[in-house]
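In case you want the letters, here they are:
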Amino acid sequence: MAGPSRTTQRTFEFTSPDGHGLTADIAVPEPVRGGAVICHPHPQYGGTRHDRVVSALFDTLPPAGIAALRFDFRSAFGDGVGERLDAVAALDALAEAAPGVPLAMVGYSFGAWISLGLDDDRIGALVAVAPPLAVMSATPAPVVPTLVLTPAHDQFSPPSATEPIVADWRSCSNTPVEFDVIDTADHFLAGRTVAVADRAVRWLSDRWRLPSPPSPRR
């Protein structure tokens, strides 16, 4: 089956439920077969929607037929609570732009922690890239299929700390959770952003039974 013939991209403003103005980029392929909101790393440590891991995901999702929305969290840090409201508002915007398709949350670092903590029936899959599970407050077991990608040399939550948490999730839920280690990488994934994006996109494509995405870029 042929891939998307065209992708429409735009930048727009939207508002969180508690009134914070937010900025997002959205790329919608034609035809669109799924959608993903991408959440960036901790805003107090320089995380923005233009982070290189977020950008790799944003570039890789649409060619596979998956609409991608990346956004900046609110300017005044909301201690995770406000940021989850921002993520729900982003999900609203994506659902409006790509109606009737399965939706996922894809988060990197702090953005992964935010994504894992959302409770929204529209979310059908989760991808958590370098989730800092060992250093942030406990996250309940996911209730939707989840892929956890942990760098081999992650400074904040290495595989030795993350894998037991994932095992606990599996023990208390029938929800499938996959755990993969990203070789030769630390938390910041220098030189591994394309590999991470390709892994995430292929996992979502398999989960949703979408046509095979393009071959990995080199």
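Refer to the structure above for everything that follows.
The structure reproduced in this document is the subject of the present report. (Residues numbered from 1 in each chain as written. Predicted model: local features only at pLDDT ≥ 70, side-chain atom pairs only at ≥ 80, totals over all residues. Heavy atoms only, no water.)

**Re the overall build of the protein**
Line of reasoning, step 1. Helices and strands together make up the secondary structure of the protein, namely five helices and eight strands.
Line of reasoning, step 2. Mapped in sequence order, the helices and strands of the protein form the string β-β-β-α-β-α-β-α-β-β-α-β-α.
Line of reasoning, step 3. Considering only C-alpha atoms, the protein reaches an extent of 45 × 40 × 35 Å along its principal axes.
Line of reasoning, step 4. In the protein, which comprises 218 residues, the share counted as buried stands at 54%.
Line of reasoning, step 5. Side chains of the protein carry 17 positive and 24 negative charges; the gap between the two charge centres is 8 Å. (Helix = DSSP H or I, 4+ residues; strand = E, 2+ residues; numbered from the N terminus. Buried < 20%, exposed > 50% of the residue type's maximum accessible area, 1.4 Å probe, protein only. Lys, Arg positive; Asp, Glu negative; His and termini not counted. Charge placed at Lys NZ, Arg CZ, Asp CG, Glu CD.)

**Details of the layout of surface pockets**
Line of reasoning, step 1. By volume, the largest pocket amounts to about 350 Å³.
Line of reasoning, step 2. Taken together, 17 residues line the largest pocket, and the ones lying closest to its centre are Pro41, His42, Tyr45, Ser109 and His187.
Line of reasoning, step 3. Of the residues that constitute the lining of the largest pocket, the class distribution is ten nonpolar, five polar and two charged.
Line of reasoning, step 4. One number sums up the size of the second largest pocket: a volume of about 220 Å³.
Line of reasoning, step 5. Lining the second largest pocket are 14 residues, and of these Leu116, Leu118, Asp119, Asp120 and Val143 sit closest to its centre. (1 Å grid on protein atoms, 1.4 Å probe; cavity = no way out; pocket = protein on both sides within 12 Å on 5 of 7 lines; lining within 4 Å. Points joined across faces, edges and corners; volume = space filled by probe spheres on them. Nonpolar A, V, L, I, M, F, W, Y, C, P; charged D, E, K, R; others polar.)

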